[in-house]
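# Chain and residue survey
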Amino acid sequence: VWPQFYTNQYTSLIYMTSQGIAPDVLRDQLDGVGADLNVEDAAGYAALDTQLNLNALAIGLGLENIAYEPEQFPGLLYHLDEPQVTVVLFSNGVLATVDGTNTQAVRDAIRTTIERGKELGLVDIDSMPSVNIESESIPITDELAAGQGN
């Protein structure tokens, strides 16, 4: 169960940069909504050139591995067993992780998530995007400003 999380609690995220938010700020926000993250902090993201249907992905990826409360937070949290990393998917096509044990785990988690989405027919991309590691910002401010996924 996610604690109550109001829109005004993450409006401060919008001011981080014009392009996105810092990984540690996203980590803090996820912690603030009760997300169960690893204690490690390798971060990264990939931006797909497609929109994601988070409702369909929540069902397809397996509800036992998902935390998704769009009224509370606009991202879908997908807990992978191997590597043991949480990937946050946003409807604008951004996949981010803030709790990887190392940079290879971050890359593997994002790639595994994309591959599973493709197998389900829910991620439509022609080639695997590059994974940005140790980035200063993650491009999700529009998602946070809207306060909802789809």
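The following refers to the structure shown. (Residues numbered from 1 in each chain as written. Predicted model: local features only at pLDDT ≥ 70, side-chain atom pairs only at ≥ 80, totals over all residues. Heavy atoms only, no water.)

### What to know about the nonpolar core
Note the following rule: Side-chain atoms within 4.5 Å link the members of a nonpolar core, which is a set of buried Ala, Val, Leu, Ile, Met, Phe, Trp, Tyr and Cys residues. For the exposure calls, accessible area comes from a 1.4 Å probe over protein chains only, and a residue counts as buried if that area is under 20% of its type's maximum, exposed if over 50%, partly exposed in between. To qualify as a helix, a DSSP run of H or I must reach at least 4 residues; to qualify as a strand, a run of E must reach at least 2; elements of each kind are numbered from the N terminus. Whether two residues are in contact is decided by their heavy atoms: any pair within 4.5 Å suffices.
Ranked by internal contacts, the top residues of the largest apolar core, which has 26 residues, are Leu52, Leu76, Leu89 and Leu95. Counting residues per element, the ones that place at least two in this core are β1 (42–47), α3 (54–60), β3 (76–79), β4 (86–89) and α4 (103–119). Tallying contributions element by element places α4 first for this core, with 5 residues. If sequence neighbours within four positions are ignored, Leu76 has contacts with Leu54, Leu57, Ala58, Ile66, Ala67, Tyr68, Val87, Val88 and Leu89. Within the second largest apolar cluster, 11 residues are counted, among which are Leu30, Ala67, Leu77 and Val88.

### Thoughts on the sheet that holds β1
The strands that make up a sheet pair up through hydrogen bonds in the backbone, lying either parallel or antiparallel. How we decide: Here a strand pair is declared whenever DSSP counts at least two bridges between the two strands.
Overall, antiparallel pairing links the 6 strands, which are arranged β2-β3-β4-β5-β1-β6 in an open sheet. Strand pairing shows two members of the sheet lacking a second neighbour, β2 (66–67) and β6 (132–133), which therefore form its edges. Direction of pairing for β1 relative to β6: antiparallel, over a ladder of 2 bridges. Each residue of the ladder has a partner; that of Tyr45, found in β6, is Asn132.

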